[in-house]
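One letter stands for each residue in the lines below.
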Amino acid sequence: MDFVRLLLVFLHLLGMGMLIAMFFVQRRAGADAPLNKGWLHGSALQLLTGIALVALSPLTDKDYNHVKIGVKLLVLVVIGGIVALNLNKKPAAWITPGLAGLVVLNVAIAVFWT
Ligand code: HEM
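Rules behind the numbers
- Residues numbered from 1 in each chain as written.
- Predicted model: local features only at pLDDT ≥ 70, side-chain atom pairs only at ≥ 80, totals over all residues.
- Heavy atoms only, no water.
- Donors = N, O, S within 2.8 Å, 3.2 Å for Na, K, Ca; no water.
- Tetrahedral: all angles 85-135°; square planar, octahedral: opposite > 155°, others 65-115°.
- Helix = DSSP H or I, 4+ residues; strand = E, 2+ residues; numbered from the N terminus.
- Buried < 20%, exposed > 50% of the residue type's maximum accessible area, 1.4 Å probe, protein only.
- Patch = residues over 30% accessible without salt bridge, like charges linked within 9 Å, V, L, I, M, F, W, Y side chains within 5 Å.
- Areas by Shrake-Rupley, 256 points an atom, 1.4 Å probe, with all protein chains shown as cover.
- Salt bridge = Lys/Arg side-chain N within 4 Å of Asp/Glu carboxyl O.

Undergrad: Would you mind showing me how to read the coordination of the iron atom of the ligand here?
TA: A metal bound by six donors in octahedral fashion has ideal angles of 90 or 180 degrees, whereas one bound by four tetrahedral donors has an ideal angle of 109.5 degrees. Coordination of the iron atom of the ligand by the protein involves H12 (NE2) and K72 (NZ), with metal-donor separations of 1.9 to 2.0 Å. For the iron atom of the ligand, the six donor atoms in the first shell make angles of 83 to 179° at the metal, a pattern classed as octahedral. One end of the pair, H12, is in helix 1 (residues 2-29); the other, K72, is in helix 4 (residues 66-86), and 60 residues separate them in sequence. K72 matches H12 in its accessibility class, with the two residues each being buried.

Undergrad: How should I be thinking about a nonpolar patch on the surface in this particular structure?
TA: Together, M1, F3, V4, L7, F10, L11, L14 and L59 line one region of the surface with nonpolar side chains, adding up to about 780 Å² of accessible area. Broken down by element, the nonpolar patch gets its largest block of residues, six residues, from helix 1. If you trace the backbone, L11 turns up in helix 1.

As structure tokens, this is what we get:
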């Protein structure tokens, strides 16, 4: 079962990498480019792998901090909401740095909140 957890953590970290990469992809595409769907796919991957990690915790002997998980979930819902509302539209100037900032916030919560 620990292998399944490690596989989910592996995918969770790739999802994080994808969301960070989206910042650069979006910047490179220019200010007039529509919001890339990759934001949505990366967010969905984080949601699915995160929920699966928590759901499997009784089997993987992990005792996660549920307040911390709740805050991460909330931040991700905000990310997903901003992405969903702006998909395929030309994003306002604050959206790309704002989304990246929220992703980095979740990384900081994941690492520093013990
Ligand atoms: C943008 C969204 C997210 C990012 C960037 C992110 C990032 C990370 C990172 C970097 C870690 C590794 C931390 C470490 O091992 O010290 C981690 C672990 C974890 N994340 Fe997330 N996360 C996100 C969303 C979520 C969500 C929504 C959930 C749950 C619903 C979640 C649940 C977890 C769990 C349970 C772990 C611990 C895995 C383990 O070591 O067994 N994450 N996350």
